Amino acid sequence: MTLSLLVSLQRSVVIKRFHSGTRKITLAMCALLASIRCAVVLLCSLVVLAAGSAGAQEASAWAEVISGATHVPGVGPIRYSVGYSSVGYDHFRSEIFVQWRDGAGRTQTIYDGIYDNPPAKVRGVQGHLCVSMQICARYEDVCTARVIAYRYDAAAKVFAQLENGGTLCHH
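Each chain has its residues counted from 1, following the order in which its sequence is written. In keeping with the model being predicted, local features are shown solely for residues with a pLDDT of at least 70 and side-chain atom pairs are shown and tallied solely at 80 or more, while totals for entire chains, interfaces and linings include all residues. Neither water nor hydrogens contribute to the side-chain values; these are computed over all heavy atoms in the structure.

### Details of the overall build of the chain
Part 1: Here a strand is any run of E in DSSP of at least two residues, a helix any run of H or I of at least four, and the numbering for each starts at the N terminus. Secondary structure assignment for the chain yields two helices and seven strands.
Part 2: Each helix and strand of the chain, ordered N terminal to C terminal, gives the series α-α-β-β-β-β-β-β-β.
Part 3: Burial classes: relative accessible area under 20% of the type maximum marks a residue as buried, over 50% as exposed, and values in between as partly exposed (1.4 Å probe, protein chains only). A total of 171 residues make up the chain; the buried ones form 26% of that total.
Part 4: For the chain, the exposed area adds up to about 11300 Å²; of that, 58% sits on carbon and sulfur atoms. To measure how exposed things are, a 1.4 Å probe is used in the Shrake-Rupley method; for residues, cover is taken only from the protein chains shown.

### Concerning the confidence of the model for the chain
Part 1: As a per-residue measure, pLDDT reflects the predictor's confidence and takes values from 0 up to 100. Considering every residue of the chain, the mean pLDDT works out to 76; 64% of them sit at 70 or more.
Part 2: In this description, contact between two residues means that some pair of their heavy atoms is separated by no more than 4.5 Å. Below a pLDDT of 50 lies the segment residues 1–22, which in the model reaches 16 contacts outside its immediate sequence neighbourhood of four places, other chains included.
Part 3: Between residues 38–59, whose pLDDT stays under 50, and residues either more than four places distant or in other chains, the model counts two contacts.

### Remarks on the state of the cysteines
Part 1: Any cysteine sulfur atom paired with another within 2.5 Å is treated as part of a disulfide. As enumerated under the stated definition, the model contains two disulfides in all.
Part 2: Note that cysteine 130 is cross-linked by a disulfide to cysteine 169, the S-S spacing being 2.0 Å. Classification of the bridge connecting cysteine 130 and cysteine 169 rests on its S-S torsion, roughly -90°, and on that basis the disulfide is left-handed. Here cysteine 130, found in strand β5 (residues 128–136), pairs with cysteine 169, found in the segment after β7 (158–161); they are 39 residues apart in sequence, far enough to count as distant.
Part 3: Judged by relative accessible area, which is 0%, cysteine 169 ranks as buried.
Part 4: For cysteine 136, the disulfide goes to cysteine 143, at an S-S distance of 1.8 Å. Looking down the S-S bond of the cysteine 136 and cysteine 143 bridge, the torsion is 85°, so its handedness is right-handed.
Part 5: Judged by its relative accessible area of 18%, cysteine 136 falls in the buried class.

### With respect to the pairing of strand β3 (residues 91–102)
Part 1: Criterion used throughout: strands pair if DSSP finds at least two bridges between them. Sheet topology places strand β2 (residues 76–88) next to β3; nine bridges connect them, and they run antiparallel. In the strand pairing of β3, tyrosine 80 is matched with valine 98.
Part 2: The pairing of β3 with strand β4 (residues 104–125) spans eleven bridges and is classified as antiparallel. Residue serine 94 lies in a different strand from β4, and its bridge partner there is glycine 113.

### Digging into the nonpolar core
Part 1: For our purposes a nonpolar core is just a set of buried Ala, Val, Leu, Ile, Met, Phe, Trp, Tyr and Cys residues, chained together by side-chain atoms within 4.5 Å. Core analysis: the largest hydrophobic core is formed by 22 residues, its most contacted members being Leu129 and Phe159.
Part 2: Every element with two or more residues in this core is listed here: β2, β3, β4, β5 and β6 (143–153).
Part 3: No other element matches the five residues that β4 contributes to this core.

Below, the structure written as structure tokens:
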């Protein structure tokens with residue numbers, strides 16, 4: 001049922017109740033009316049809550065943000081932002097966003113995931129964009145570095161992740 005139909009039905013039941021000479025409202029109709037009112041109140045509450053929380057999520061998506069710049073030979077200067085927030089148990093959700101120029105301004109999210117010991121580090125090495133982060137095994141104090149290499153695809157004008165690209169990022 002739509003909201004306008006529910007309101008119309010509610011008004012009809014209330015009007016019939018107060019008009020003399022019409023049939024009296026039954027217990028079943030009262031129950032229906034009460035459940036309709038509850039549904040309308042719940043629906044309105046959810047809409048208000050969803051609208052409020054969507055704005056709050058956008059405003060506080062990341063507890064910390066670092067930004068910087070690097071240079072990738074063949075591409076030029078790259079500006080980056082690393083946003084991250086704790087998700088508990090010493091893990092952090094992060095997003096890495098890069099900006100560069102190739103004829104026009106370009107932007108791309110190159111990483112969206114979870115790692116430990118933020119922030120991730122972004123640098124240009126030998127024509128590649130390299131991202132390194134710490135990954136820690138549960139209950140272990142020793143962390144290992146995970147390195148992701150991206151190659152610039154000039155035709156598509158995007159950075160593409162390379163398979164086994166971590167070895168390309170060591171200098």
